[in-house]
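Analysis of the macromolecular model
Single-letter residue listing:
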Amino acid sequence: MPSAHDSPETSSTRRTLLALLSLLFLPWSLQVFAAGDATFLFAWGLVNTNPLSVTTLFDFLFVYTRGLPEYILAWPLSVAFYAAAVASAVVGWRVDREDPRVTGGLLVLAGIAQLRLAWGFSLQPGRIAWPMGTVALLAVAWWYYWPRVRTMRRS
């Protein structure tokens, strides 16, 4: 007898989880400086191009930086929303019951927080930030969760 985890819905759920986890490998924000250097900001940390270095989110917040500007706090906030969305999706998959409004809404909140971060960086002289994470987080929410929310509203 096939289990609930072998159904077509499960393969769709697995694709959704893969899409969510793929966001870990995409820069959420790209800051480009007037000198041509760049910083790639991921959910887990940042990568500077000059000099080439990697700093984890934990180190950035608790080791190297004191007195963070308020807009930078949008980064850990967006990561917290993203982590909660992933947890919601995983728990939903494991118990075969997920509320797409919760998971999708958390992704939207993460995207909005990333937009705030990019906007704050762009206000600094000599740099501009591209909110790629905002686009990706909102795309995943729209592609994977909005159709399920619409279906729920009809029934």
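Residues numbered from 1 in each chain as written. Predicted model: local features only at pLDDT ≥ 70, side-chain atom pairs only at ≥ 80, totals over all residues. Heavy atoms only, no water.

Attention shifts here to the sheet that holds strand β5 (residues 127-130). The antiparallel open sheet is built from five strands, whose spatial order is β4-β3-β2-β1-β5. With partners counted over all chains shown, the strands left at the sheet margins are β4 (52-56) and β5, one partner each. Looking at each pair of strands side by side, their axes are set apart by 15° on average, direction ignored. Relative to β5, helix α4 (residues 100-122) is tilted by about 165°, and along the sheet it contacts β1 (29-33), β2 (38-41) and β5. (Pairing = 2+ DSSP bridges. Helix = DSSP H or I, 4+ residues; strand = E, 2+ residues; numbered from the N terminus. Axes fitted to C-alpha atoms, helices over the stretch in contact; angles between N-to-C directions. Contact = heavy atoms within 4.5 Å.)

Across its 22 residues, helix α3 (residues 74-95) extends 31 Å between first and last C-alpha, which sits within 8% of the 32 Å expected from 1.5 Å per residue. Within the sequence span of α3, burial applies to Ala74, Trp75, Ser78, Val79, Tyr82, Ala85, Val86, Ser88, Ala89 and Gly92. The positive-phi residue at the C-terminal boundary of α3 is Asp96, with phi of around 60°. (Expected span 1.5 Å × (residues − 1). Buried < 20%, exposed > 50% of the residue type's maximum accessible area, 1.4 Å probe, protein only.)

Among the nonpolar cores identified, the biggest contains 32 residues, and Leu20, Trp75, Tyr82, Leu107 and Leu117 are the most heavily contacted of them. At the level of secondary structure, the elements contributing two or more residues to this core comprise α1 (8-22), α2 (57-64), α3, α4 and α5 (132-154). (Core = buried A, V, L, I, M, F, W, Y, C linked by side-chain atoms within 4.5 Å.)

This brings us to the packing of aromatic side chains. For the structure shown, the criterion picks out six aromatic pairs. Ring centres of Phe58 and Phe62 lie 5.0 Å apart, and the angle between their planes is 45°; on these two criteria the pair is classed as tilted. Separated by four residues within a single helix, Phe58 and Phe62 lie in helix α2, roughly one turn from each other. Residue Phe58 is classed as exposed on the basis of its relative accessible area of 53%. Look at Phe62 and you get exposed, because its relative accessible area is 60%. (Phe/Tyr/Trp six-rings, centres within 6.5 Å; stacked < 30°, edge-to-face > 60°.)

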